[in-house]
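So you can see what is in the structure, the chains are spelled out below.
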Amino acid sequence: MTVSQTSFRAALLDAEHPAPAGLTDGHGTPARKRFDVYRNNVAVSLTEALVTAFPSIHSLVGDDFFRAMAGVFLRQHPPSSPVMMYYGAEMPAFLADFAPVAHLPYLADVARIDLALRRAYHAADATAVDPSAFGAIAPEALGAVAFSLAPAVQIVSSPYPIHDIWQMTKGGSKPSAAAQDVLITRPEFDPVVDLLPPGGAIFFEQIGIGQTLGAAMETATGHVPDFDLGGLLGLALTRGALTDLTRPPAN
Amino acid sequence: MLDACFDTLPPLPGVGYKPQHYREILSEPGSVAWLEVHAENYMGDGGRPLAQLQYLSQQFPLSIHGVGLSIGGEGDLDRAHLDRLRKLCDWAKPASFSEHLAWSTHDAHFLNDLLPLPYTEATVARVADHVSQVQDHIGRRMLLENPSSYLWFEESTLSETDFLAEVAKRTGCGLLLDVNNVFVSATNLKMDPRAYIDAFPMELVGEIHLGGHDEDEDEHGAPLLIDSHGAEVVDPVWALYDYTLDHAGPKPTLIEWDTDVPDWPVLRAEADRAAQALTRVPA
């Protein structure tokens, strides 16, 4: 009697599935509870990984609910890589479809913040634009300047007040009713979440695809007439969100 | 010049590095002689984990211990993961690289546990083939660790010690002897742990692991120990460690504590106890 890894795995992830035959305690007695050790290890270790990965979701739905939901998630979406720091990328889509949380439609976007924070934590290091170098540029030349975004920078946009909801999981007060976009950065080693002002997400998106400061400003102002470029640039520079300052060659 | 000292693990205690102990480890030089990290926790692109590891690698000999390669898997090794391991080893230049006699990936699904395999001629050939691929790919000799077992495959025809010795013979790899795993497996499978140690090819051992386990019972009331790395090393395992050192001589010895990680003084006390045991043994 040989036990294939296909049958071993099938029984690991399905408690209704009997333990494969051919496994014993070493003296001929079938190894039922012994097999359950592996079942338990897999479910518990993946659940713990998800608790660590999605602290905001864990806080919002509570420990018992989260663990039960994790049991469903991990069977639908076992990790596809041994690099567990990135496990759970399917969580936002899972939450959007998971009927028991249909009354909490903002969860998917809050899960995107949790994912973005973890990616930012492990993102490549980068040398941020020095605010003083930026300040040395003549005002009339500013419009032609372009940047790259630091590898840690991510934006999460939502029709829900996700910044307030995320802050509430950290002890903040009750959320407002407005749609919110957030910026995730990593000034040194610890990622930071900031609420973006209206037009901010569009502005960063434009900078990210290589548009000049002038063009990005124009696009943002097209959507949000009172778009505040100065405030947003100040935030971006403080958070080390901008790298690789380039300006056109002087004529 | 300094780096030359870090080419091998010294026959002294090391600990599994946890970021919460960073400052204390650095502020108490000499408290541990070397550090071990799990490879997969350092496969990001940057940030604090890699910055800390880079600094620690200048202060301590380093052991990189993989937990996700699935060397015992029926399928091919994951090429992308082999590449990540090579990149990490090339960058961190560890004194040692080790992995497990276990499988964890099947059909591209990673199960995040060290799963058991039968010990047969066919699995010896497969594991030896995989170990050779790893060594060729990362360009260094690896150590293969004995697992903790909760059950036995009826199809097995080889003892675990014969299996490991044969893989080492075919591949030139070294072995990592986890003394707690020996105790856990021997208790669970109702065997004599000292007989296992007697049969183990000590000349191939490059590192010893010590860790804690949980106690349970199977449905027949037989003891069922579960490797948890979440508690102190128990006295019978310390006794088995002494017995092992009597046979093996002093070996680099790691205290593994991965869940419910204690404050630094608790972990350090475990390392101190290993240091005392090592001092007692003639080189």
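Residues numbered from 1 in each chain as written. Chains lettered and ligands numbered in written order. Predicted model: local features only at pLDDT ≥ 70, side-chain atom pairs only at ≥ 80, totals over all residues. Heavy atoms only, no water.

K.L.:
Could you give an account of the overall build of chain B, naming the residues involved and the relevant values?
P.N.:
When helices and strands are counted, chain B shows nine helices and 13 strands. Computed over C-alpha atoms, the radius of gyration of chain B comes to 18 Å, within 12% of the 19 Å expected from 2.2 N^0.38 for 283 residues, which places it in the range of a compact globule. Overall, chain B is about 50 × 40 × 35 Å in size when its C-alpha atoms are taken along their principal axes. Out of the 283 residues in chain B, the part that is buried amounts to 59%. Considering only contacts in chain B between residues 6 or more positions apart, those separated by 24 or more positions represent 79%. Working note: accessible area of chain B is about 11100 Å², and carbon and sulfur atoms make up 50% of it. Taken together, the 19 basic and 46 acidic charged side chains of chain B have centroids lying 8 Å from each other. (Helix = DSSP H or I, 4+ residues; strand = E, 2+ residues; numbered from the N terminus. Rg over C-alpha atoms; globule rule 2.2 N^0.38 Å. Buried < 20%, exposed > 50% of the residue type's maximum accessible area, 1.4 Å probe, protein only. Contact = heavy atoms within 4.5 Å. Areas by Shrake-Rupley, 256 points an atom, 1.4 Å probe, with all protein chains shown as cover. Lys, Arg positive; Asp, Glu negative; His and termini not counted. Charge placed at Lys NZ, Arg CZ, Asp CG, Glu CD.)

K.L.:
Can you tell me about the interface of chain A and chain B, naming the residues and giving the values?
P.N.:
Counting residues at the interface gives 46 residues for chain A and 51 residues for chain B. When chain A packs against chain B, the two sides together hide about 4200 Å² of surface, and 55% of this comes from carbon and sulfur. The interface formed by chain A and chain B contains six salt bridges. One salt bridge in this structure joins A:Arg9 and B:Asp107, with 3.5 Å as the shortest N-O distance. Our count for the contact surface shared by chain A and chain B stands at 24 residue pairs in polar contact (both at pLDDT 80 or more). Secondary-structure elements contributing two or more residues to the side of chain A that touches chain B are α1 (5-12), β1 (23-24), α2 (32-53) and α6 (107-122) of chain A. Here the side of chain A that touches chain B takes ten residues from α2(A), the largest share from any one element. Each residue belonging to the side of chain A that touches chain B can be placed in one class, and the counts come to 24 nonpolar, 14 polar and eight charged. Sheet analysis places β1(A) next to strand β8 (residues 152-153) of chain B, joined by two bridges and oriented antiparallel. Looking across to β8(B), one finds that A:Leu23 is bridged to B:Phe153. (Buried area = accessible area lost by both parts, 1.4 Å probe. Salt bridge = Lys/Arg side-chain N within 4 Å of Asp/Glu carboxyl O. Polar contact = N/O pair within 3.5 Å; in protein donor to acceptor, adjacent residues only side chain to side chain. Nonpolar A, V, L, I, M, F, W, Y, C, P; charged D, E, K, R; others polar. Pairing = 2+ DSSP bridges.)

K.L.:
Can you break down the state of the cysteines residue by residue, with the values?
P.N.:
Under the defined criterion, the tally for this structure stands at zero disulfides over all chains. Not engaged in a disulfide, the cysteine B:Cys89 finds its nearest cysteine sulfur in B:Cys173; these two sulfurs lie 15 Å apart. (Disulfide = S-S within 2.5 Å.)

K.L.:
Please set out empty space enclosed by the protein residue by residue, giving values where relevant.
P.N.:
According to the stated counting rule, one finds two cavities of 30 Å³ or more in the structure shown. When its volume is computed, the largest cavity comes out at roughly 60 Å³. Around the largest cavity sit A:Tyr38, B:Pro116, B:Leu117, B:Pro118, B:Tyr119, B:Ser149, B:Tyr150, B:Leu151, B:Trp152, B:Phe153, B:Ser156 and B:Glu160, which together line it. Of the residues assigned to the lining of the largest cavity, the class counts are nine nonpolar, two polar and one charged. By volume, the second largest cavity is sized at about 40 Å³. (1 Å grid on protein atoms, 1.4 Å probe; cavity = no way out; pocket = protein on both sides within 12 Å on 5 of 7 lines; lining within 4 Å. Points joined across faces, edges and corners; volume = space filled by probe spheres on them.)

K.L.:
Any chance you could break down unusual backbone geometry for me, citing the residues and the numbers?
P.N.:
Residues and elements named next belong to chain B. Phi at Ser70 is positive, roughly 60 degrees, even though this residue is not glycine. Following the sequence through the fold, Ser70 ends up in the loop between β3 (62-65) and α3 (79-92). Positive phi values are uncommon outside glycine, yet Asn112 reaches one of about 60 degrees. Tracing the backbone through its elements, the reader meets Asn112 in strand β6 (residues 109-115). Overall, the relative accessible area of 24% leaves Asn112 in the partly exposed class.

K.L.:
Which residues make up α3(B), and what values do they have?
P.N.:
Residue and element names in this part refer to chain B. Over its 14 residues, α3 runs 20 Å from end to end, which matches the ideal 20 Å to within 8%, given 1.5 Å per residue. Burial in α3 covers these residues: His81, Leu82, Leu85, Leu88, Cys89 and Ala92. Buried positions in α3, seen along its axis, are confined to an arc of 125 degrees and lie on one side of it. With respect to the buried face of α3, the exposed residues turned more than 90 degrees away are Arg79 and Lys87. At the N-terminal boundary of α3, the capping side chain belongs to Asp78, with an oxygen 3.0 Å from the backbone nitrogen of Ala80. (Expected span 1.5 Å × (residues − 1). Arc of directions from axis to C-beta.)

K.L.:
Tell me about the nonpolar core, and name the residues and values.
P.N.:
Membership of the largest hydrophobic core comes to 132 residues, with the highest contact counts inside it found for A:Phe8, A:Leu95, B:Leu144, B:Leu177 and B:Tyr241. Counting residues per element, this core draws most heavily on α6(A), which supplies nine residues. In this structure, this core is formed jointly by two domains, domain 1 (1-104) and domain 2 (123-251) of chain A, each of which donates at least three residues. By size, the runner-up hydrophobic cluster in this structure holds 25 residues, among which are A:Leu183, A:Ile207, A:Leu213 and A:Val224. (Core = buried A, V, L, I, M, F, W, Y, C linked by side-chain atoms within 4.5 Å. Domains from an automatic or database assignment.)

K.L.:
Pulling in residues and values, what's your account of the sheet that holds strand β1 (residues 13-16) of chain B?
P.N.:
All names here are of chain B. Spatially, eight strands are ordered β1-β2-β3-β4-β7-β9-β10-β13 in a closed barrel, and the strand pairing comes out parallel. On average, each strand axis in the sheet is inclined to that of its neighbour by 25 degrees, with strand direction left out of account. Across three bridges, β3 lies against strand β4 (residues 96-100) in parallel orientation. Directly across from Ser63, in β4, lies its bridge partner Ser96. (Axes fitted to C-alpha atoms, helices over the stretch in contact; angles between N-to-C directions.)

K.L.:
Before we move on, can you summarise the environment of B:Thr259 with the specific residues and values?
P.N.:
Residues and elements named next belong to chain B. Following the sequence through the fold, Thr259 ends up in the loop between β13 (253-256) and α9 (264-280). Counting along the chain gives 237 residues from Thr259 to Tyr22, while the straight-line C-alpha distance between them is 17 Å. Residue contacts for Thr259: discarding those within four places in its chain leaves Ser228, His229 and Gly230.

K.L.:
Go over helix α9 (residues 200-208) of chain A with me, naming the residues and quoting the values.
P.N.:
Those residues of α9(A) that sit buried are A:Gly200, A:Ala201, A:Phe203, A:Phe204, A:Gln206 and A:Ile207. Just beyond α9(A), the residue with positive phi is A:Gly210, at close to 95 degrees.

K.L.:
Summarise the packing of aromatic side chains; cite the residues concerned and give the values.
P.N.:
By the definition in use, this model includes 17 aromatic pairs over all chains. When the centroid spacing of 5.5 Å and the interplanar angle of 75 degrees are considered together, the rings of A:Phe8 and B:Trp103 count as edge-to-face. You can see A:Phe8 sitting in helix α1 and its partner B:Trp103 sitting in strand β5 (residues 103-106), one on each of two chains. Each member of the pair, A:Phe8 together with B:Trp103, is buried. Plain terms: the ring middles of B:Trp238 and B:Tyr241 are 6.0 Å apart, the flat faces sit at 70 degrees to each other, and that makes the pair edge-to-face. (Phe/Tyr/Trp six-rings, centres within 6.5 Å; stacked < 30°, edge-to-face > 60°.)

K.L.:
Please set out the side chain of B:Glu207 residue by residue, giving values where relevant.
P.N.:
Residue and element names in this part refer to chain B. The residue Glu207 is located in strand β10 (residues 205-211) in this model. Notably, Glu207 is buried but unbridged: the nearest opposite-charge side chain belongs to Arg140, and the N-O separation is 10 Å. With near-sequence residues (within four places) excluded, Glu207 lies in contact with Leu9, Trp34, Glu36, Ser63, Ser96, Ser98, Leu143, Leu175, Leu176, Leu177, Pro252 and Leu254.

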